[in-house]
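# Structure at a glance
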Protein chains: 2
Amino acid sequence: MSAPLFAKEGYDGVSIRDVAAATRLTPAALYYHFSDKDDLYLSVVIHEFRGKSTVLSNIIKGPEPPWERLEKFIEGLVNLTASDQNFTRLMQWVKLDSDEVRRHKLTEHVFSDLFVSVHDLVAELNSGHDAYMLAISIFGLITFPFELMTTRKFMPGYRPEHDKPAVIAKHVIDLLRSSLKKADGKTG
Amino acid sequence: MSAPLFAKEGYDGVSIRDVAAATRLTPAALYYHFSDKDDLYLSVVIHEFRGKSTVLSNIIKGPEPPWERLEKFIEGLVNLTASDQNFTRLMQWVKLDSDEVRRHKLTEHVFSDLFVSVHDLVAELNSGHDAYMLAISIFGLITFPFELMTTRKFMPGYRPEHDKPAVIAKHVIDLLRSSLKKADGKTG
DNA sequence: GTCTATAGTCAGATAGAC
DNA sequence: GTCTATCTGACTATAGAC
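The rules we used
Residues numbered from 1 in each chain as written. Chains lettered and ligands numbered in written order. Predicted model: local features only at pLDDT ≥ 70, side-chain atom pairs only at ≥ 80, totals over all residues. Heavy atoms only, no water. Near = heavy atom within 4 Å. Polar contact = N/O pair within 3.5 Å; in protein donor to acceptor, adjacent residues only side chain to side chain. Helix = DSSP H or I, 4+ residues; strand = E, 2+ residues; numbered from the N terminus. Nonpolar A, V, L, I, M, F, W, Y, C, P; charged D, E, K, R; others polar. Buried < 20%, exposed > 50% of the residue type's maximum accessible area, 1.4 Å probe, protein only. Arc of directions from axis to C-beta. Contact = heavy atoms within 4.5 Å. Core = buried A, V, L, I, M, F, W, Y, C linked by side-chain atoms within 4.5 Å. Expected span 1.5 Å × (residues − 1). Buried area = accessible area lost by both parts, 1.4 Å probe. 1 Å grid on protein atoms, 1.4 Å probe; cavity = no way out; pocket = protein on both sides within 12 Å on 5 of 7 lines; lining within 4 Å. Points joined across faces, edges and corners; volume = space filled by probe spheres on them. Least-squares fit on C-alpha atoms with pLDDT ≥ 70 in both. Lys, Arg positive; Asp, Glu negative; His and termini not counted. Salt bridge = Lys/Arg side-chain N within 4 Å of Asp/Glu carboxyl O. Axes fitted to C-alpha atoms, helices over the stretch in contact; angles between N-to-C directions. Parallel < 35°, antiparallel > 145°, perpendicular 65-115°, else oblique. Left-handed = near helix turned anticlockwise from the far one by under 90°.

Here we take up the protein's contact with DNA strand C. Near DNA strand C lie 14 residues; those nearest to it are Ile16(A), Arg17(A), Tyr31(A), Thr26(B) and His33(B). For DNA strand C, the fraction of protein-proximal atoms (within 4 Å) that sit in sugar or phosphate groups is 53%. Here Ser15(A) contributes a side-chain N or O atom positioned 3.3 Å from a phosphate oxygen of DNA strand C. Secondary structure elements with two or more residues in the surface near DNA strand C: helix 2 (16–23) and helix 3 (27–33) of chain A together with helix 3 (27–33) of chain B. It is helix 3 of chain B that contributes the most residues to the surface near DNA strand C, 4 residues altogether. Grouping the amino acids of the surface near DNA strand C by side-chain chemistry returns 8 nonpolar, 3 polar and 3 charged.

Here it is as structure tokens:
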């Protein structure tokens, strides 16, 4: 209910009174359910990510060859990111969080599982690239166009199709294919 | 003087009093030089980026073949990003800024010139990829490892060398080479 | 140009009635 | 569990002395 608020304005930009208005409760009622603002914020953000990362992890653990699972994962994360703007912004706020304890807790719940899944998948590809770096690159390639969504519209060369999930996913896959995909007919 | 403050805590996380303490002025003195907090913030951030993007643009406009200039640009932006942590964080705050007018002004001064330079460079490569998407991908590949710096240390597979600029730059270049670089002996 | 002092508003958090 | 009322402190911004 209040996730869009935190997604838009971040921790410092949202007051307990704002959350109270959005949930049609009073500040005092919120303090009955949460010990303080940090507790409320953590609960909201972690709840927002629950389920989403497990859906993507399941894609990654499918029966297909690694490259095909990677393609499906890329399409899945692009679609998720495109369909829920709060998702990307909440991740951005996590990365920027200036409170170390809070950022550590969020990282654990928000990034870890999915990162491990992608890391293990790209390791299977045997591409020669460092799996850790490669996993980070893939997340960067997928999320960066969405992180820039509100600013890149002013850049030269922009066309509305650059916002379409299918176009973004295809671009990422095309960019990675020649570096990562083993030749089709190759056998051990 | 107060750029590190805004880099760490963002617009909402830094008060006029904080800036006053950092500059050893009083809030009232700051209001003599700046009309309001927005004016102060914009001045600080834009000043922080001046010069930096022109240095990189000059690399891009060198005499070498396009792919070599792209390699040098990647190394240059990686080194800049690695040497000045404020740089990355201020860019992240710009992307997340919830005030549309402020974000528009910052985008103009912070992103535009460099984006245009990279866009035109990758267009020269004739790689077959959309130049606009490709420019965004390159910025994503370079900056994402630094945006995740504080959180990815907790991820499995992490080694300290993953923070080294040379390693990050090499990874990005290696990842892009087979997709973007024309065969060496090719002539028109 | 920089100061002290302060106006006016909003923040996080709590006490106590129901 | 949720409310009204309120405490305490921090915030942006300004007035006016020097």
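Another aspect to go through is helix 5 (residues 52–60) of chain A. Each turn of an α-helix holds 3.6 residues, which means side chains three or four residues apart point in the same direction. Residue and element names in this part refer to chain A. Along helix 5, the residues classified as buried are Ser53, Leu56, Ser57 and Ile60. All buried residues of helix 5 project into a common sector of 105° when viewed along the axis, lining one side. Exposed and facing more than 90 degrees away from the buried side of helix 5 are Val55 and Asn58. Along its buried surface, helix 5 packs onto helix 4 (37–49), helix 6 (66–83) and helix 9 (112–124).

With 124 residues, the main nonpolar core has Phe73(A), Ile74(A), Phe73(B) and Ile74(B) as its most contacted residues. Every residue in contact with Phe73(B), bar those within four places of it in the chain, is listed here: Leu56(B), Ile59(B), Ile60(B), Leu114(B), Val118(B), Ile138(B), Phe139(B) and Ile142(B).

It is worth spelling out helix 12 (residues 165–180) of chain A at this point. Spanning 16 residues, helix 12 of chain A covers 22 Å between terminal C-alpha atoms, matching the ideal 22 Å at 1.5 Å per step. Turning to helix 12 of chain A, its buried residues number three or more, namely Ile168(A), Ala169(A), His171(A), Val172(A), Ile173(A), Leu175(A), Leu176(A), Ser179(A) and Leu180(A). Contacts made by the buried residues of helix 12 of chain A are with helix 6, helix 10 (131–147) and helix 11 (149–152) of chain A together with helix 10 (131–147) and helix 12 (165–180) of chain B.

Let us look at the interface of chain B and chain A. Facing 54 residues of chain B, the contacting portion of chain A comprises 54 residues. Approximately 4,900 Å² of surface area, both sides summed, lies buried where chain B meets chain A, with 68% of it carried by carbon and sulfur atoms. Where chain B meets chain A, there are 22 residue pairs in polar contact (both at pLDDT 80 or more). Taken together, the elements giving at least two residues each to the side of chain B that touches chain A come down to helix 1 (3–13), helix 7 (85–96), helix 8 (100–110), helix 9 (112–124), helix 10, helix 11 (149–152) and helix 12 of chain B. Tallied by class, residues from the side of chain B that touches chain A come to 23 nonpolar, 18 polar and 13 charged.

Regions of empty space are outlined by a rolling probe, equal in size to a water molecule, passed over the atoms. All names here are of chain B. All chains considered together, the criterion is met by 3 cavities of 30 Å³ or more. The volume enclosed by the largest cavity comes to roughly 250 Å³. By residue number, the principal contributor to the lining of the largest cavity is helix 1, which donates 5 residues. When grouped by side-chain class, the residues that make up the lining of the largest cavity number 8 nonpolar, 5 polar and 8 charged.

Rotating chain B by 180° about the axis while translating it 0.0 Å along that axis superimposes it on chain A, leaving an RMSD of 0.0 Å. Here the copies are linked by what is in effect a two-fold axis.

Bringing the side chain of Arg103(A) into the picture now. Tracing the chain through its elements places Arg103(A) in helix 8 (residues 100–110). The buried charged residue Arg103(A) lacks any salt bridge partner; its closest oppositely charged side chain belongs to Glu100(A), at an N-O distance of 4.6 Å. Engagement of the side chain of Arg103(A) in a polar contact is seen with the side chain of Thr150(B), the distance being 3.2 Å. Non-local contacts of Arg103(A), meaning those with residues more than four positions away in its chain, are made with Val94(A), Lys95(A), Asp97(A), Ser98(A), Thr150(B) and Thr151(B).

So, about the packing of helix 10 of chain B against helix 12 of chain B. Residues and elements named next belong to chain B. Where helix 10 contacts helix 12, the axes come no closer than 10 Å and their chain directions differ by 155°. Considering their axes alone, helix 10 and helix 12 lie roughly antiparallel with respect to each other. Classified by chirality, the crossing of helix 12 by helix 10 is right-handed. Taking contact as the criterion, the partners of Leu134, Ile138, Leu141, Ile142, Pro145 and Phe146 in helix 10 are, on helix 12, Ile168, Val172, Leu175, Leu176 and Leu180. Looking at the contact of helix 10 with helix 12 residue by residue, the classes come out as 11 nonpolar, no polar and no charged.

Residues and elements named next belong to chain A. Scanning the model with the defined rule gives 30 salt bridges over all chains in all. In this structure, Lys170 and Asp174 form a salt bridge, with 2.7 Å as the shortest nitrogen-oxygen distance. In this pair, Lys170 and Asp174 are both assigned in helix 12, 4 residues apart and thus about one turn of the helix distant. A relative accessible area of 52% means that Lys170 is categorised as exposed. Between Arg177 and Asp174 there is a salt bridge; the shortest N-O distance is 3.0 Å. A residue pair is termed a helical-turn pair when its members lie 3 or 4 positions apart in one helix, as Arg177 and Asp174 do in helix 12 at 3 residues. Accessibility expressed as a relative area gives 32% for Arg177, which makes it partly exposed.

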